[in-house]
Each structure stands twice: as C-alpha cells, then as structure tokens.
Amino acid sequence: MSTLSRDQVRTMMGEVLAAQGKELPADDGARLDTIGFRSLDFSELALQVEDELDTELNFDAPGLRSIETVGDVLDFIDELQKAE
C-alpha cells in the first residue's frame, strides 16, 4: 500500500477548508474548532485519503476522540497508515 506524507494530507485538509472559503493555518497547533474544521470536514478528508490510498482505513479508532489540532489530524492519519 502506498502512503501519503504529512504534507500531502495537509494539502488535502487545506482543500477541504478552501471549499468553504476558509484557510488552513501554517501552525500544526491550530485548534480545529478555531479554524472551523468540523467532524463533517474530517469525514470528507478521510474519504479523500482512502480514495488516494485505494484502501479503507479504520477511522473508528478510539484516537478520534482526542483530535483537537491540525497536528493531531496529521498524526492520526500517519498512525492509521502505519497500522494497515
């Protein structure tokens, strides 16, 4: 299975936000609630990641509850890719 780099996932995240007229800050510590990245946006990102990787990832993982920042999203997707 191929993997996506953090930069690639970050770009995809930026595209999800841009579609709503929002901008992804450069700071990985930016809080998702502050930048307007909602659970629906995360779902859209997850689908894009799965499409790009051509595989299903376990987005039901318990780690989802602790995601609060841009960096948390990137770390979470990194970990999911390693688990496959």
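Small disclaimer: the values here were computed from a predicted structure and weren't measured. (Residues numbered from 1 in each chain as written. Predicted model: local features only at pLDDT ≥ 70, side-chain atom pairs only at ≥ 80, totals over all residues. Heavy atoms only, no water.)

Caption draft 1: Broad picture of the overall build of the protein chain. Secondary structure assignment for the protein chain yields four helices and zero strands. Along the protein chain, helices (α) and strands (β) appear in the sequence α-α-α-α when read from the amino end. Relative to the globule expectation of 12 Å for 84 residues, the C-alpha radius of gyration of the protein chain, 12 Å, shows essentially globular dimensions. Projected onto its principal axes, the C-alpha positions of the protein chain cover 30 × 25 × 20 Å. Looking at the protein chain as a whole, 42% of its 84 residues qualify as buried. Long-range contacts, defined as pairs at least 24 residues apart, comprise 60% of the intrachain contacts of the protein chain with a sequence gap of at least 6. Counting only carbon and sulfur atoms, one obtains 46% of the accessible surface of the protein chain, whose full area is about 5,000 Å². (Helix = DSSP H or I, 4+ residues; strand = E, 2+ residues; numbered from the N terminus. Rg over C-alpha atoms; globule rule 2.2 N^0.38 Å. Buried < 20%, exposed > 50% of the residue type's maximum accessible area, 1.4 Å probe, protein only. Contact = heavy atoms within 4.5 Å. Areas by Shrake-Rupley, 256 points an atom, 1.4 Å probe, with all protein chains shown as cover.)

Caption draft 2: Quick peek at unusual backbone geometry. Phi at Asp-54 is positive, roughly 55°, even though this residue is not glycine. Within the secondary structure, Asp-54 sits in the loop between α3 (39-53) and α4 (70-83).

Caption draft 3: Highlighting the layout of surface pockets. The computed volume of the largest pocket comes to approximately 170 Å³. Along the walls of the largest pocket sit Leu-32, Phe-37, Arg-38, Ser-39, Phe-42, Ser-43, Ala-46, Leu-47, Glu-50, Phe-59, Leu-64 and Ile-67, which together make up its complete lining. The element contributing the most residues to the lining of the largest pocket is α3, with six residues. For the lining of the largest pocket, a count of residues per class yields eight nonpolar, two polar and two charged. (1 Å grid on protein atoms, 1.4 Å probe; cavity = no way out; pocket = protein on both sides within 12 Å on 5 of 7 lines; lining within 4 Å. Points joined across faces, edges and corners; volume = space filled by probe spheres on them. Nonpolar A, V, L, I, M, F, W, Y, C, P; charged D, E, K, R; others polar.)

Caption draft 4: The nonpolar core, seen in detail. Of all hydrophobic cores here, the largest spans 25 residues; its most connected members are Phe-37 and Leu-45. If you list the elements that add at least two residues to this core, you get α1 (6-18), α2 (32-35), α3 and α4. When residues in this core are grouped by element, the largest group, six residues, is from α4. Among residues more than four places away in sequence, those in contact with Leu-45 are Val-9, Met-12, Met-13, Val-16, Phe-37, Val-73 and Ile-77. (Core = buried A, V, L, I, M, F, W, Y, C linked by side-chain atoms within 4.5 Å.)

Caption draft 5: Layout of the pattern of salt bridges. Tallying each qualifying case throughout the model produces eight salt bridges. Asp-78 serves as the salt-bridge partner of Arg-6, at 3.2 Å between the closest nitrogen and oxygen. Taken as a pair, Arg-6 in helix α1 and Asp-78 in helix α4 lie far apart in primary sequence, 72 residues in all. Judged by its relative accessible area of 30%, Arg-6 is partly exposed. Looking at Asp-78, the relative accessible area reads 17%, which means it is buried. The closest approach of N and O atoms between Arg-10 and Asp-28, which form a salt bridge, is 2.7 Å. In this pair, Arg-10 is assigned in helix α1 and Asp-28 in the loop between α1 and α2, connecting sequence segments 18 residues apart. Judged by its relative accessible area of 16%, Arg-10 falls in the buried class. (Salt bridge = Lys/Arg side-chain N within 4 Å of Asp/Glu carboxyl O.)

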